[in-house]
Protein chains: 4
Amino acid sequence: MNRSTLYSNLGIRLDMAVEAHDVIRREMGADVPGVRIFRTEHPQAVVTTVVVESEQGEQAMAKPRGTYVTIDAPPLRENNREAHQAISTILAHELRRLLQIGPNSSVLVVGLGNWNATPDALGPKVVESTLVTRHLHHFAPEELAGHLRPVSAIAPGVLGLTGIETAEIIKGIVEKTGPDLIIAIDALATRSVDRIATSIQLANTGIQPGSGVGNKRAGINLETMGCPVVALGIPTVVHAGIIAHEAIEKLMQQFQTSPTLYRLYKGINPEAMQQIIEEVLGPFQRDLIMTPKEIDQLIQQTSRVVSAGIAQALHPSIGPDQWTQYLQ
Amino acid sequence: MNRSTLYSNLGIRLDMAVEAHDVIRREMGADVPGVRIFRTEHPQAVVTTVVVESEQGEQAMAKPRGTYVTIDAPPLRENNREAHQAISTILAHELRRLLQIGPNSSVLVVGLGNWNATPDALGPKVVESTLVTRHLHHFAPEELAGHLRPVSAIAPGVLGLTGIETAEIIKGIVEKTGPDLIIAIDALATRSVDRIATSIQLANTGIQPGSGVGNKRAGINLETMGCPVVALGIPTVVHAGIIAHEAIEKLMQQFQTSPTLYRLYKGINPEAMQQIIEEVLGPFQRDLIMTPKEIDQLIQQTSRVVSAGIAQALHPSIGPDQWTQYLQ
Amino acid sequence: MNRSTLYSNLGIRLDMAVEAHDVIRREMGADVPGVRIFRTEHPQAVVTTVVVESEQGEQAMAKPRGTYVTIDAPPLRENNREAHQAISTILAHELRRLLQIGPNSSVLVVGLGNWNATPDALGPKVVESTLVTRHLHHFAPEELAGHLRPVSAIAPGVLGLTGIETAEIIKGIVEKTGPDLIIAIDALATRSVDRIATSIQLANTGIQPGSGVGNKRAGINLETMGCPVVALGIPTVVHAGIIAHEAIEKLMQQFQTSPTLYRLYKGINPEAMQQIIEEVLGPFQRDLIMTPKEIDQLIQQTSRVVSAGIAQALHPSIGPDQWTQYLQ
Amino acid sequence: MNRSTLYSNLGIRLDMAVEAHDVIRREMGADVPGVRIFRTEHPQAVVTTVVVESEQGEQAMAKPRGTYVTIDAPPLRENNREAHQAISTILAHELRRLLQIGPNSSVLVVGLGNWNATPDALGPKVVESTLVTRHLHHFAPEELAGHLRPVSAIAPGVLGLTGIETAEIIKGIVEKTGPDLIIAIDALATRSVDRIATSIQLANTGIQPGSGVGNKRAGINLETMGCPVVALGIPTVVHAGIIAHEAIEKLMQQFQTSPTLYRLYKGINPEAMQQIIEEVLGPFQRDLIMTPKEIDQLIQQTSRVVSAGIAQALHPSIGPDQWTQYLQ
């Protein structure tokens, strides 16, 4: 039974490139052609970079060509400021590698998602604590002169709140303010419970249609916006369908000793499997999500690390200690 | 494989008496002794009353003797004010049947749960919109004279926020203010996705230790408080472990045609099953919960229905239209 | 001593046309040329319409040509739903008179102001409870067919939060979505404590630069937006400087029996008066505002009346009872 | 005209001992008997200690015998973390001098005030970021062993929200949990605009009835609670009546050159003055408060400094850098 087909039938997207790569690699039983992958280790985090290099890679991964960086940092979930500072510095470093912008380039930070739905509120929370400087740019305090590039920030809300496609709102603002770069922050869905509030994904491809917890309908990327878009996401939920499927898979691993049984299981057609899972999910279907009880606190915590990382990346001449004085 | 043993090993409680009854009845294959059950139907809701009558019933159900009323009202989840008004009237009616208090008896409304964790915030939200009258009692506006009993309300928070057991805070307030009755509101865990934000459970037994989304450590009931406690709960989450288990069960129903296979499945010991599920749940374990994406809006909506129902039950001489003028 | 000069030296604007008219009329001791004014009385409200008709009127009033409607409704401040419903119906009626749009014209509701500063949060609060329909327009529920015009809504924040001029954000969205009309909601400053949370001002001239609690820097009106803009404001604050000045004026009225003294007072030059008041205001100056303690609740209450009034005006075929079923 | 009589007729209390002392000293034209006062200067703050020593002092000051410490720290109002850290260290130092408790004494932090009314929300905000340890006391992380005394925290709300006197709620909790000391945090009214969000007052006398922005009805002090109560307050509002009165006073200082006029002014009886001010205040009267536009941000900022100061005072073995790792 093909996992990617099943997920797609259930309306489940794999937002994280590193997870999509794992699933495909396992199904293929070989390296995915057109995709390069490499890892770096830090005391607090492992950084995995997936580069989709060719059309072949794009098709296999169902993701556009580009660089996808995943920072897996388990201490992000703990209430430990020292670790958080280290992670935000790693984030700043990886961001700067992807951004490739001049010292005075202007940046628009976009916080995607619904501020009324906690697991989808990461983006708006980051915007809330972003160091906004665009309007100060000409009369910044003397001690900061030369340090601060022009940064603006907006949380455009979601279709159900505004009646307007998120991408339309952003495009309108981009046309009026002409930023050199967009950083778009979004909550993601993961297939691994372990990644909730511990991983950060960066991608220089922007946001694709249908991705994120709130399922964006239109893309926010170079094509649609006219300037480069770096996407920054943190997984906050697992689709309930994945948990249901994982449980079945784990059970079957127990049965592998019985070849008859295992064959029987492998013979279940995807439609039957899909139907089993849909019955379990009940009336909410793909809107039934799995999230830790303390998600409110995790969003609070991770949004602080993200805005700290962005501030360090965008204003490199302010030291990590110093900028906290200017942040909320 | 015994479901109640498995649940208990996984640390999953069945907060709803009607669900505990279902599970036990299925396991016994017969009526549960010492438990009576009956249903009433309304256009917008089905009301099921479970009465635990004897020690035998208490042991089977793992719930104390008393009356447990479940209002299953699917339109509670929809954004339909007319239906909500009908449901709050049914709620008021059932509450009044359980309360059995005089017209001037004083009532303390307690909103249990953590206001920072959306699916656990039902109780605090209800308190927020409760019509508080205790302090006005002697100088109420003329048009209300004779209508309003003394009502006070408190959301005591949770242990992690205050450092104090919730039951201690409430007991302290009860000793100072001497209410004749407590209504304790709490978010519940359910085993059925269909019940999320559609069912209301009332119980004249109060709150037992370990129940609710936030797992109360001490009971809030007649024994601990010295006055009757009516518990009012709405399910807002399903433990992720239940979804995992349901998926496995549903798969096995598919296999029932193969007696060998089904026997094999039935032979899995509870420890193995527990281990499979724990692996799926990952680091959060019993704190991994399943909840609909729009839980924030559902809590908003249901808390309004609950506070409207309580207002009608406690102040019967105010008409359903009239009281909205005095509520926020 | 000229009051309008003093106000302008202190940086105090009169947001309400009816108040500007009062001040000028008193100073002139005669009718203001180029301005017409008339009143209608309702049981719950008095409606005053000020029409600025000519350039002469514009200069005297320091307000552009157009119609300014003030609904003075003292029960708006009370917690009385019946009165609120009556006021929202009057509001709907006056709005419809000003709007002059076809049944299918699309409307963008803009909530100006800072959601983090309570007295400035009226606009964002109204947006929160606006019935947004633009995205539903093609697949509305059958019972609403033909009823709902396309409505979108946005709270663009303030310069300090986004780094972007509010008018730029709105203009960008207008260019993308092409509404036929904008309704812009804003909190206002008044010179009369009695008007706080009791008056509603409508103006078919849009928002002028420098007006509102948060002092908009650019106008939001037909010229800047390319479509008609109706402004809807409710006073939530009095500048502290006005209170200081009123106290002095009231004292002097006591002294009118002594002609010497009164002459002395009238002889104080505006600079001296301005300096007295600035000393009283201390470090905050024009950012020191007077507001009732319960402003949070008043904003909550009045924003509900406003969104109800807008809903009735925009969707006339939905009855006043019916629409509450579709509103939050 | 006697200022203290006027204030008392207008229902205005002077919450700050240092201000009460100023007013009385000016009226007496001499040192206040039974009251000692002394100052210490720091780079970021001036600390003034007022000691009310005798019954004579109590009567003059209308405040009970005890020590009142005012930290006047203008940078508290600025968004400057370094200065905030310095101020919280001064606060911790002054608190420790007043507390006089053993290393293991337990402390209950009480956040007074209404969380729905921004200028009154200081106390609840401090509670939100208080390091609560009472429940962890027996199983604290190893690295903290021996560092953390048992601390609990509660925001009891206000009479209008709960229907219960604040003092009753606290007393109930005190009887159940037996703390050795209470620290009660409250927003204060000041007569000086300069003190808003820049001063911190500590008092070992607890909270007196009628004080604070929300006018507590019953005292929270050694007599009512049975354990010492240290009050910690920050001024967030000026009563509008004071601004009106100050304006009149400032005007009259201009007139001092004319003895006739000044005599006339001095001859106004308090009732007439009171009436003038009441007319200016309009319908809200003593509920009309003056507060800076950015009060929401000031409450956020000052509450963080206060909870940091309390944490340092209560857990002295945790360094100022270290504790931020354990705080939200």
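Attention here is on the structure that accompanies the text. Nothing here was measured: the structure is a model prediction, and the numbers come from that model.

**Some points on the interface of chain C and chain A**
Line of reasoning, step 1. In this complex, chain C contributes 23 residues to the contact, which on the side of chain A involves 23 residues.
Line of reasoning, step 2. When the buried area of chain C at its contact with chain A is split by residue, C:His135, C:Ile164 and C:Lys176 rank highest and sum to 27% of it.
Line of reasoning, step 3. At the surface where chain C touches chain A, the tally comes to 4 salt bridges.
Line of reasoning, step 4. Across the pair C:Glu175 and A:Lys176 runs a salt bridge, and its minimum N-O distance is 3.1 Å.
Line of reasoning, step 5. Put simply, chain C and chain A have 6 residue pairs in polar contact (both at pLDDT 80 or more) between them.
Line of reasoning, step 6. Put simply, the parts of the chain that give the side of chain C that touches chain A at least two residues each are strand 5 (151-154), helix 6 (159-162) and helix 7 (166-177) of chain C.
Line of reasoning, step 7. By residue number, the principal contributor to the side of chain C that touches chain A is helix 7 of chain C, which donates 8 residues.
Line of reasoning, step 8. For the side of chain C that touches chain A, a count of residues per class yields 10 nonpolar, 7 polar and 6 charged.

**Looking at the interface of chain B and chain A**
Line of reasoning, step 1. The interface is formed by 43 residues belonging to chain B together with 43 residues belonging to chain A.
Line of reasoning, step 2. Between chain B and chain A, a total of about 3800 Å² is buried, with carbon and sulfur atoms accounting for 74% of that surface.
Line of reasoning, step 3. For the pair chain B and chain A, the interface holds 2 salt bridges.
Line of reasoning, step 4. Notably, a salt bridge pairs B:Asp287 with A:Lys293, separated by 3.5 Å at the nearest N-O pair.
Line of reasoning, step 5. The interface formed by chain B and chain A holds 7 residue pairs in polar contact (both at pLDDT 80 or more) in total.
Line of reasoning, step 6. Breaking the side of chain B that touches chain A down by element, the ones donating at least two residues are helix 9 (240-254), helix 10 (259-267), helix 11 (270-281), strand 9 (288-292) and helix 12 (295-314) of chain B.
Line of reasoning, step 7. The element best represented in the side of chain B that touches chain A is helix 9 of chain B, accounting for 10 residues.

**Side note on the packing of helix 9 (residues 240-254) of chain A against helix 11 of chain B**
Line of reasoning, step 1. Closest axis-to-axis distance for the helix 9 of chain A/helix 11 of chain B pair is 9 Å, and the angle between their directions is 135 degrees. As judged from the angle between their axes, helix 9 of chain A and helix 11 of chain B are oblique. Both helix 9 of chain A and helix 11 of chain B take part in a crossing whose hand is right-handed. In this structure, helix 9 of chain A contributes A:Ile243, A:Glu246, A:Ala247, A:Lys250, A:Leu251 and A:Gln254 to the contact, and helix 11 of chain B contributes B:Ile276, B:Glu279 and B:Val280.
Line of reasoning, step 2. Each residue belonging to the contact of helix 9 of chain A with helix 11 of chain B can be placed in one class, and the counts come to 5 nonpolar, 1 polar and 3 charged.

**Thoughts on the environment of B:Asn79**
Residues and elements named next belong to chain B.
Line of reasoning, step 1. Relative to the elements of secondary structure, Asn79 occurs in the loop between strand 3 (66-72) and helix 4 (81-99).
Line of reasoning, step 2. When its relative accessible area of 33% is taken as the criterion, Asn79 is described as partly exposed.
Line of reasoning, step 3. In this structure the C-alpha to C-alpha distance between Asn79 and Gln301, which are 222 residues apart in sequence, comes to 7.7 Å.

**Focus on the pattern of salt bridges**
All names here are of chain B.
Line of reasoning, step 1. All told, the structure shown has 48 salt bridges over all chains when counted by the stated rule.
Line of reasoning, step 2. Residues Glu94 and Arg97 are paired through a salt bridge, measuring 2.7 Å at the closest nitrogen-oxygen approach. One end of the pair is Glu94 and the other is Arg97, both in helix 4 and 3 residues apart, which spans about a single turn.
Line of reasoning, step 3. Classification of Glu94 by relative accessible area gives buried; the value is 3%.
Line of reasoning, step 4. Residue classification places Arg97 among the partly exposed residues on the basis of a relative accessible area of 42%.

Calculation rules
Residues numbered from 1 in each chain as written. Chains lettered and ligands numbered in written order. Predicted model: local features only at pLDDT ≥ 70, side-chain atom pairs only at ≥ 80, totals over all residues. Heavy atoms only, no water. Contact = heavy atoms within 4.5 Å. Buried area = accessible area lost by both parts, 1.4 Å probe. Salt bridge = Lys/Arg side-chain N within 4 Å of Asp/Glu carboxyl O. Polar contact = N/O pair within 3.5 Å; in protein donor to acceptor, adjacent residues only side chain to side chain. Helix = DSSP H or I, 4+ residues; strand = E, 2+ residues; numbered from the N terminus. Nonpolar A, V, L, I, M, F, W, Y, C, P; charged D, E, K, R; others polar. Axes fitted to C-alpha atoms, helices over the stretch in contact; angles between N-to-C directions. Parallel < 35°, antiparallel > 145°, perpendicular 65-115°, else oblique. Left-handed = near helix turned anticlockwise from the far one by under 90°. Buried < 20%, exposed > 50% of the residue type's maximum accessible area, 1.4 Å probe, protein only.

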